[in-house]
Amino acid sequence: MTSLLSVRGVDRTFGQGPAAVHALRDVSFDVEAGTMVALVGRSGSGKTTLLNVVGGLDRPDTGTVVVDGTEVTGLDDDGLSKLRREKATYVFQTFGLIPVLSAAENVGVPLRMARVPLKERERRVELLLDLVGLADHARHRPDEMSGGQQQRVAIARALAASPKLLIADEPTGQLDAETGLAVMALLRGVVESEGVTVLLSTHDPVMMALADRVLRMHDGQVHA
């Protein structure tokens, strides 16, 4: 299998001197295309920092990150924005939907930004809402949907531009156990149906069981 993501020798430190926090220490690993990999570890172990570095939301002090042949650590701000639009998209535990837009409009935002023609955009949005089981909620706004439904819309939006890598930081952290399980199963299905590679952080043992591979983080280091 081909590596979709390659991380080599990544370090990230916040602060200086005795108060410095070494969030990442010489992190190296690969993620094969079309797989789901779970990052697990205690709070403060470096999971979120690592996800932010992989997706270009933060820059490492040293080391390289390559996503689908693009060296993330070598991109300028415009290049990073393009990366997050086209190759590496995010799903957060706080959903991040635009309150005044309907589910369909939220999912369509990345396609509007990419200037996808209206008819093609409408077809893609309809397909994605059907994929996440919300075809009947296309006109609903976030405050008219449950937390689980909002997270499903957020996943559909992240998939809108057909990214290579979907990054999810504790995607079930705000959900009850039953709803979280449904979202986990959906992410597993996305890997199968859309061919997307998923890198996520989680504390949930069920999510770990659904992953193809588990990477454990401790004190800023990754252990397979």
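Preceding this paragraph is the structure being described.
For every chain, the first residue of the written sequence is number 1, and numbering continues from 1 onward in sequence order. In keeping with the predicted nature of the model, local features appear solely for residues at pLDDT of at least 70, side-chain atom pairs appear and are counted solely at 80 or more, and the whole-chain, interface and lining totals rest on all residues. Heavy atoms throughout the structure, all of them, feed into the side-chain values; hydrogens and water do not.

> When you look at the overall build of the protein in this model, what are you seeing that I'm missing?
Looking only at helices and strands, one finds seven helices and 10 strands in the protein. Radius of gyration: over C-alpha atoms. The globule rule applied is 2.2 Å multiplied by the number of residues raised to the 0.38 power. By the compact-globule yardstick of 17 Å for 224 residues, the protein fits well, its C-alpha radius of gyration being 17 Å. For the C-alpha atoms alone, the extent of the protein along its principal axes is close to 55 × 40 × 35 Å. Note on contacts: a residue pair is in contact if any heavy atoms of the two residues lie within 4.5 Å. Sequence-distant contacts in the protein: of pairs separated by 6 or more residues, those separated by 24 or more amount to 70%. When the accessible area of the protein is evaluated, it comes to approximately 11000 Å², of which 49% is carbon and sulfur surface. Charged residues are defined narrowly, with Lys and Arg counted positive, Asp and Glu counted negative, and His plus the chain ends left uncounted. We put the charge of a Lys on NZ, of an Arg on CZ, of an Asp on CG and of a Glu on CD. Mean positive and mean negative side-chain charge positions of the protein (24 and 29 charges, respectively) differ by 3 Å. Note on conventions: DSSP H or I runs of at least 4 residues are helices, E runs of at least 2 residues are strands, and numbering of each starts at the N terminus. Accessible areas in this description were obtained via Shrake-Rupley with a 1.4 Å probe; residue shielding takes into account the shown protein chains only.

> Help me out: how do you make sense of unusual backbone geometry in this one?
Most of the time, phi is negative for any residue but glycine, and the peptide bond is trans. If you check the backbone angles, Asp68 has positive phi at about 50 degrees while not being a glycine. Mapped onto the secondary structure, Asp68 falls in the loop between strand E4 (62-67) and strand E5 (70-71). Positive phi values are uncommon outside glycine, yet Ser162 reaches one of about 55 degrees. As for its placement among the helices and strands, Ser162 is situated in the loop between helix H5 (147-159) and strand E7 (165-169). Exposure categories follow from relative accessible area, calculated using a 1.4 Å probe and restricted to protein chains: below 20% of the type maximum is buried, above 50% is exposed, and the middle band is partly exposed. Looking at Ser162, the relative accessible area reads 45%, which means it is partly exposed.

> Explanation requested: the pairing of strand E1 (residues 3-14) in the structure shown.
Remark: a regular strand shows side chains that alternate across the two faces of the sheet. The criterion for strand pairing is that DSSP finds at least two bridges linking the strands in question. Pairing analysis gives eight bridges linking E1 to strand E2 (residues 21-32), with the strands arranged antiparallel. Bridge pairing in E2 places Ser6 opposite Asp30. Counting the residues between successive antiparallel strands, the hairpin from E1 to E2 contains six residues, one of them, Gly15, with a positive phi of roughly 85 degrees. Inspection of the sheet shows E1 paired to E4 by five bridges, in the antiparallel sense. Note that in E4 the partner of Leu5 across the bridge is Val67.

> Whenever I open this one, the layout of surface pockets confuses me. Can you help?
In this approach the atoms are scanned with a rolling probe the size of a water molecule, which exposes any empty space left behind. Here a cavity is any set of points on a 1 Å grid over the protein atoms alone where a 1.4 Å probe fits but cannot get out, and a pocket is any open set with protein on both sides within 12 Å along at least 5 of 7 lines; a residue lines the site when it has an atom within 4 Å of a point. Grid points are joined across faces, edges and corners, and a volume is the space filled by probe spheres set on the points. Here the largest pocket is characterised by a volume of approximately 490 Å³. Along the wall of the largest pocket there are 20 residues; nearest its centre are Arg84, Arg85, Thr89, Pro110 and Arg157. The set of elements that each furnish at least two residues to the lining of the largest pocket consists of helix H2 (77-86), strand E6 (88-92), helix H3 (103-113) and H5. Here the lining of the largest pocket takes five residues from E6, the largest share from any one element. Lys, Arg, Asp and Glu make up the charged group, whereas Ala, Val, Leu, Ile, Met, Phe, Trp, Tyr, Cys and Pro make up the nonpolar group; the residues left over, Gly among them, are polar. Per-class residue counts for the lining of the largest pocket are 14 nonpolar, two polar and four charged. Volume-wise, the second largest pocket comes out at about 360 Å³. Breaking the lining of the second largest pocket down by element, the ones donating at least two residues are H3 and helix H4 (118-131).

> It is not clear to me how the pattern of salt bridges should be interpreted in this structure. Could you clarify?
Pairs can form between side chains of opposite charge whenever their charged atoms are close. Salt bridges are counted wherever a side-chain nitrogen of Lys or Arg sits within 4 Å of a carboxyl oxygen of Asp or Glu. Applying the stated rule across the entire model yields 10 salt bridges. Here Arg8 makes a salt bridge to Asp30, at a shortest N to O gap of 2.7 Å. Taken together, the positions of Arg8 in strand E1 and Asp30 in strand E2 put the pair 22 residues apart, joining distant regions of the chain. Residue Arg8 is classed as partly exposed on the basis of its relative accessible area, which comes to 38%.

> Any chance you could explain the nonpolar core here in plain terms?
Across soluble globular proteins, you tend to see nonpolar side chains buried next to one another. The set of buried Ala, Val, Leu, Ile, Met, Phe, Trp, Tyr and Cys residues whose side-chain atoms join them within 4.5 Å is what this entry labels a nonpolar core. If you look at the biggest cluster of nonpolar residues, it comprises 36 residues, and the most contacted ones within it are Met36, Ile155, Leu166 and Leu200. Listing elements by their share of this core, those giving two or more residues are strand E3 (36-40), H3, H4, H5, E7, helix H6 (177-194) and strand E8 (197-201). Beyond its immediate chain neighbours, meaning those up to four positions away, Leu166 contacts Thr89, Val91, Ala158, Leu159, Leu187, Val196, Thr197, Val198 and Leu199. Formed by 27 residues, the second largest nonpolar core is a distinct cluster that contains Leu51, Val54, Leu165 and Ile167.

> How should the sheet that holds E8 be read in this particular structure?
Strand pairing in a sheet takes place through backbone hydrogen bonds and is either antiparallel or parallel in direction. If you trace the six strands from one edge of the open sheet to the other, you get E6-E7-E8-E3-E9-E10, paired in mixed fashion. What marks the edges here is a single partner per strand, and that holds for E6 and strand E10 (221-223). For this sheet, the mean angle separating the axes of adjacent strands, direction not counted, is 20 degrees. Pairing of E6 with E7 involves five bridges; the strand directions are parallel. Paired with Val91 across the strands is Ala168, a residue of E7. Orientation is described by lines fitted to C-alpha atoms, with helices fitted over the stretch in contact, and by angles between N-to-C directions that extend from 0 to 180 degrees. Contacting E3, E6, E7, E8, strand E9 (213-218) and E10, helix H1 (residues 47-54) runs over the sheet at an angle of about 155 degrees to E7.

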